[in-house]
Amino acid sequence: MNIKGKAWKYGNDIDTDVIIPARYLNTSDPEELTRHCLEDLDSNFVDKMSKGDLIVAGENFGCGSSREHAPLAIKAAGVSAVIASSFARIFYRNALNIGLPILECPEAVENISQGDEVQVEIAAGLITNLSKNQEYQAVAFPDFMQKLIQAGGLINYLREQAGEGNVSL
Amino acid sequence: MAMTMVEKILAAHSGRNSVKPGEIVTAEVDLVLGNDITAPVAIREFEKIGVDKVFDADKIALVPDHFTPNKDINSAEQSRVLRDFAREQQLENYFEIGEMGIEHCLLPEQGLVRPGEIIIGADSHTCTYGALGALATGVGSTDMAAAMASGQAWFKVPETMKFVFQGELPDWVGGKDLILQVIGDIGVDGALYRSMEFTGETIASLSLAGRMTIANMAIEAGGKCGLIAPDQKTREYLEGRTTAEYTEYFSDPGADYFEVREYDVSQLEPQVAFPHLPENTRGISEVGEIAIDQAVIGSCTNGRLEDLRLAAEILDGRKRHSEVRLLVFPGTQQIYRQALAEGIIDTLIAAGAAVSTPTCGPCLGGHMGVLAAGERAIATTNRNFVGRMGHPESEVYLANPAVAAASAVAGRIISPGEVV
Ligand code: SF4
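Procedures and definitions
- Residues numbered from 1 in each chain as written.
- Chains lettered and ligands numbered in written order.
- Predicted model: local features only at pLDDT ≥ 70, side-chain atom pairs only at ≥ 80, totals over all residues.
- Heavy atoms only, no water.
- Helix = DSSP H or I, 4+ residues; strand = E, 2+ residues; numbered from the N terminus.
- Rg over C-alpha atoms; globule rule 2.2 N^0.38 Å.
- Buried < 20%, exposed > 50% of the residue type's maximum accessible area, 1.4 Å probe, protein only.
- Contact = heavy atoms within 4.5 Å.
- Disulfide = S-S within 2.5 Å.
- Pairing = 2+ DSSP bridges.
- Domains from an automatic or database assignment.
- Buried area = accessible area lost by both parts, 1.4 Å probe.
- Salt bridge = Lys/Arg side-chain N within 4 Å of Asp/Glu carboxyl O.
- Near = heavy atom within 4 Å.
- Nonpolar A, V, L, I, M, F, W, Y, C, P; charged D, E, K, R; others polar.
- Polar contact = N/O pair within 3.5 Å; in protein donor to acceptor, adjacent residues only side chain to side chain.

Peer 1: What is the right way to read the overall build of chain A from this model?
Peer 2: On a plain count of helices and strands, chain A comes out with 8 helices and 7 strands. Relative to a compact globule of 169 residues, whose C-alpha radius of gyration would be 15 Å, chain A shows 16 Å and is just as compact. Counting only C-alpha atoms, chain A reaches 50 × 40 × 25 Å along its principal axes. A total of 169 residues make up chain A; the buried ones form 64% of that total. Within chain A, residue pairs in contact and separated by at least 24 positions form 62% of the contacts whose partners lie at least 6 positions apart.

Below, the structure is given as structure tokens:
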């Protein structure tokens, strides 16, 4: 899968409360959630961005609550991938489980500026900065996670087995 | 091979003799938890998998605690999804309003979490149960759905950081201050992907309530889980709550740690975390002049009976400052009743507190105590992110129940010693 879009750059410790504030969590409808994506950090994000754009952020992206509404809102807003120096653990799981591409790459975060055109080859973890003509290599996923990604997330992975009776990981 | 507690628990649940940090294992889980925010998403995903029944109707707990008693029509619809699913699947551990409490106060109280178990919950503060020597960790809704269908979850075996506390706790200092000190020290990503193990004579001296406060905030340092080895106090706590058998695991003396940190707490002051991260901690003497509009006492961090007792001790015969709203929300119905029986609730109300039925409401800016722009709260909760309790321009300061109660009286953040 190849991705191309503009980078939206943010800092460290972007938490799930600013990604999707709890006051909107009385629904789990992705379309509804999307309208408030990053609202408390960058109030017009959803209006400014275009489908396919990427989020580029520092350390500990997605810290805080376990709400899957956070990666869901980002994905439904049309963000094609999130590149960060590191991810908070639950956000990392959730993104993989729902099929939102994420890449851990401090070098990319250091070099990509707001507005740069960025291209990503997900399987290879290769990030190309078209504006600056640079390439960065993201941390590779372990085998098990590759399987999840290939299946299109955890639910699809299990669904493939459901016909045979009991499901297991 | 020498292993830490968390490595032993993961090995035992994945049918292996040993595991090493970095390995990915598939483990059987003992309990799967969800609430009225996360479970509706999980149930939707569960239905996509294509199995009819959950793996074990006794091993799933659904607790509608966040927007309940329902604050609006949307949240009522969310709760209904839980209720319908619980009836259809005949779930043993669905807690209706009236039995419901804040999930991380409720589950230990009901004897549903035991040493040596693996518990996953679609709520980040599931790590609370590490206080009983369980591997308990927060996951998302999709993980919850997969576990409801399969009884399993995937884990990366974490490295372990050990935190050793020595010394006797000074007055007005408790579990909350120990964990705030650690988070201030290592930062909100200081234990990212790692397990935290808390030990030492100070931990041994703490009640289970104080231990749960510590384990509760492991996630605030980025930790996967926060464990405290079971001891006599743990066994006594479990007596009468559960008849299930459980296995106690202890770290081997030669186990490998990513890092060991030692703290002498005998001089520790009450800690306050400034906006907008739990790592922005200061000792109470360094706080300066911070006027507050609201004081919030409760939550899965400090909503237990011991916490309410402490608040009542300070508020007894005193009044909240005329410009401060004081909100108290007990963690569970049992805690509420016990507090009534002990006269605590009366003391709090006499002091001008608004006491609510158990709910997460104010803690996440959901309902029952939302802050306006520019307002400031001191809270015994665990997060002070931007907008956590309401308007993005409001502020939350985190502290222990004694500091919150004293501040409610003084109208500004203050040491309990200055009020009593
Ligand atoms: S009390 Fe607060 S932190 Fe605890 S479960 Fe409820 S919302 Fe989460």
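From this point, the discussion proceeds with the structure in view.
Peer 1: Mind showing me how you'd approach the state of the cysteines here?
Peer 2: Here, the word disulfide means a covalent bond between the sulfur atoms of two cysteines. One pass over the full model with this rule turns up 0 disulfides over all chains. Not engaged in a disulfide, the cysteine C105(B) finds its nearest cysteine sulfur in C300(B); these two sulfurs lie 6.4 Å apart.

Peer 1: Please clarify how the sheet that holds strand β3 (residues 60–63) of chain B should be interpreted in this entry.
Peer 2: What links the strands of a sheet is backbone hydrogen bonding, and the strands pair in either a parallel or an antiparallel sense. All names here are of chain B. Within the open sheet, the 5 strands sit side by side as β4-β3-β2-β5-β6. Their pairing is parallel. The sheet is open, and its two borders are formed by β4 (93–94) and β6 (135–138), each paired with just one other strand. The pairing of β3 with β4 spans 2 bridges and is classified as parallel. From the neighbouring strand, A61 faces β4, where its bridge partner is N93.

Peer 1: Looking at this structure, I do not really get the environment of P392(B). What am I missing?
Peer 2: With respect to the helices and strands, the residue P392(B) is situated in the loop between β17 (376–379) and β18 (395–398). When neighbours within four sequence positions are excluded, P392(B) is seen to be in contact with R23(A), D40(A), V386(B) and G387(B).

Peer 1: When you look at the domain arrangement of chain B in this model, what are you seeing that I'm missing?
Peer 2: The extent of an interface is frequently quoted as the accessible surface area lost upon association of the parts. Residue and element names in this part refer to chain B. When its domains are assigned, chain B resolves into domain 1 (5–262) and domain 2 (271–418). Averaged C-alpha coordinates put domain 1 and domain 2 at centres separated by 24 Å. Each partner contributes to the interface: domain 1 provides 37 residues, whereas domain 2 provides 41 residues. When the two sides are added together, the surface that domain 1 and domain 2 hide from each other amounts to roughly 3100 Å², 62% of it contributed by carbon and sulfur. Area buried by domain 1 at its contact with domain 2 is led by I102, W172 and K176, which between them contribute 23% of it. At the surface where domain 1 touches domain 2, the tally comes to 1 salt bridge. One salt bridge in this structure joins E220 and R383, with 2.8 Å as the shortest N-O distance. The set of elements that each furnish at least two residues to the side of domain 1 that touches domain 2 consists of α4 (103–109), α6 (175–186) and α8 (208–216). Top contributing element to the side of domain 1 that touches domain 2 by residue count: α6, with 6 residues.

Peer 1: Help me out: how do you make sense of the site of the ligand in this one?
Peer 2: Every residue close to the ligand is listed here: H66(B), I102(B), H104(B), D123(B), H125(B), S299(B), C300(B), C360(B), C363(B), N382(B) and R388(B). Taken together, the residues that form the shell around the ligand break down as 4 nonpolar, 5 polar and 2 charged.

Peer 1: Can you walk me through the environment of N94(A) in this structure?
Peer 2: Tracing the backbone through its elements, the reader meets N94(A) in helix α5 (residues 89–98). Sequence separation of N94(A) and A70(A) is 24 residues, and the distance between their C-alpha atoms is 8.9 Å. Setting aside anything within four residues of it in sequence, one finds N94(A) in contact with S66(A), R67(A), E68(A), P71(A), V139(B), G140(B), S141(B) and D143(B). Polar contacts involving the side chain of N94(A) include one to the main-chain amide nitrogen of G140(B), which spans 3.1 Å.

Peer 1: Before we go on, may I ask you to explain the interface of chain A and chain B in this structure?
Peer 2: Each partner contributes residues to the interface: chain A has 47 residues there, and chain B has 51 residues. Taken over both partners, the interface formed by chain A and chain B buries close to 4000 Å², and the fraction arising from carbon and sulfur atoms is 59%. Counting the surface chain A buries against chain B, the share from its top three residues, N26(A), R89(A) and R93(A), is 19%. Where chain A packs against chain B, one counts 2 salt bridges. A salt bridge links D17(A) to R388(B); its shortest N-O distance comes to 3.1 Å. Broken down by secondary-structure element, the contributors of at least two residues to the side of chain A that touches chain B are α1 (16–19), α4 (69–76), α5, α7 (143–151) and α8 (154–162) of chain A. Broken down by element, the residue count for the side of chain A that touches chain B peaks at 8 residues, all from α5(A).

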